Amino acid sequence: MPPRPQARNVLGGALLPCSVAPLTGFFRDGCCNTGSGDHGLHVVCVEVTTAFLAFSRSVGNDLSTPRPEYGFAGLRSGDRWCLCADRWEEARRAGMAPPVLLEATHEVALERCRREDLVAHALTDGD
């Protein structure tokens, strides 16, 4: 099988890892890679906050409760996670978007999220 081409991030560079602890990504490879089976587009690398986790739970996507049957320990504030692009956009519109690690956010996110919105929520060196 030929190697996949290098994935690109929203800045045009090589896609960097998002998190290995907790292990994230649609393929559980630590990166916000995507493919034909990823209907949710798990491509936005975020650093979750307490406020975002509460918001996500309130709209039916509980990311903080452990689900051992799926090997999921639950997220805590400060964890990095590959979030669905539509979920990030929903949170942004509600004023609850978590910060984004642009270098680890797949360029496919731009199909659902505006670059300027992602940049406005970018993690900075002080984060």
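Analysis parameters
Numbers given for residues are sequential positions, taken from 1 along each chain in its written order. pLDDT decides what is reported in this predicted model: residues at 70 or higher carry local features, side-chain atom pairs at 80 or more are listed and counted, and totals for whole chains, interfaces and linings draw on all residues regardless. Only hydrogens and water are set aside; all other atoms, that is, all heavy atoms of the structure, feed into the side-chain values. The criterion is simple. A nonpolar core is a set of buried Ala, Val, Leu, Ile, Met, Phe, Trp, Tyr and Cys residues joined through side-chain atoms within 4.5 Å. For every residue, the accessible area (1.4 Å probe, protein chains only) is compared with the maximum for its type, and the residue is labelled buried under 20%, exposed over 50%, or partly exposed between those bounds. Each helix corresponds to a stretch of at least 4 residues labelled H or I by DSSP, and each strand to a stretch of at least 2 residues labelled E; elements are numbered beginning at the N terminus. The term disulfide is used for any two cysteine sulfur atoms that are within 2.5 Å.

Caption draft 1: Up close: the nonpolar core. Ranked by internal contacts, the top residues of the largest apolar core, which has 24 residues, are Val44, Val46, Phe52, Trp88 and Leu118. Put simply, the parts of the chain that give this core at least two residues each are β1 (42-47), α1 (50-58), β2 (80-84) and α2 (85-93). Grouped together as the second largest cluster of nonpolar side chains are seven residues, Cys32, Leu101, Ala104 and Leu123 included.

Caption draft 2: Quick peek at unusual backbone geometry. Omega for the bond connecting Ala21 with Pro22 falls within 30 degrees of zero, at 5°, which places this linkage in the cis form. Tracing the backbone shows Pro22 in the segment before β1. We note that Arg28 has phi near 50°; this positive angle belongs to a residue other than glycine. Within the secondary structure, Arg28 sits in the segment before β1. One non-glycine residue with positive phi stands out, namely Leu41, at about 50°. In this fold, Leu41 is placed in the segment before β1.

Caption draft 3: How the structure looks around the state of the cysteines. According to the stated counting rule, one finds two disulfides in the structure shown. Between Cys18 and Cys45 runs a disulfide, and the two sulfur atoms are separated by 2.1 Å. With the S-S bond torsion at 85°, the cross-link from Cys18 to Cys45 turns out right-handed. One end of the pair, Cys18, is in the segment before β1; the other, Cys45, is in strand β1, with 27 residues separating them in the sequence. Judged on exposure class, the residue Cys18 and its partner Cys45 are both buried. The disulfide bridge from Cys32 ends at Cys82, spanning 2.1 Å between sulfur atoms. Between Cys32 and Cys82, the S-S dihedral sits near -95°, and the bridge is therefore left-handed. Here the residue Cys32 occupies a position in the segment before β1, and Cys82 occupies one in strand β2, the gap between them amounting to 50 residues.

By themselves, these are just geometric observations and shouldn't be taken as functional.
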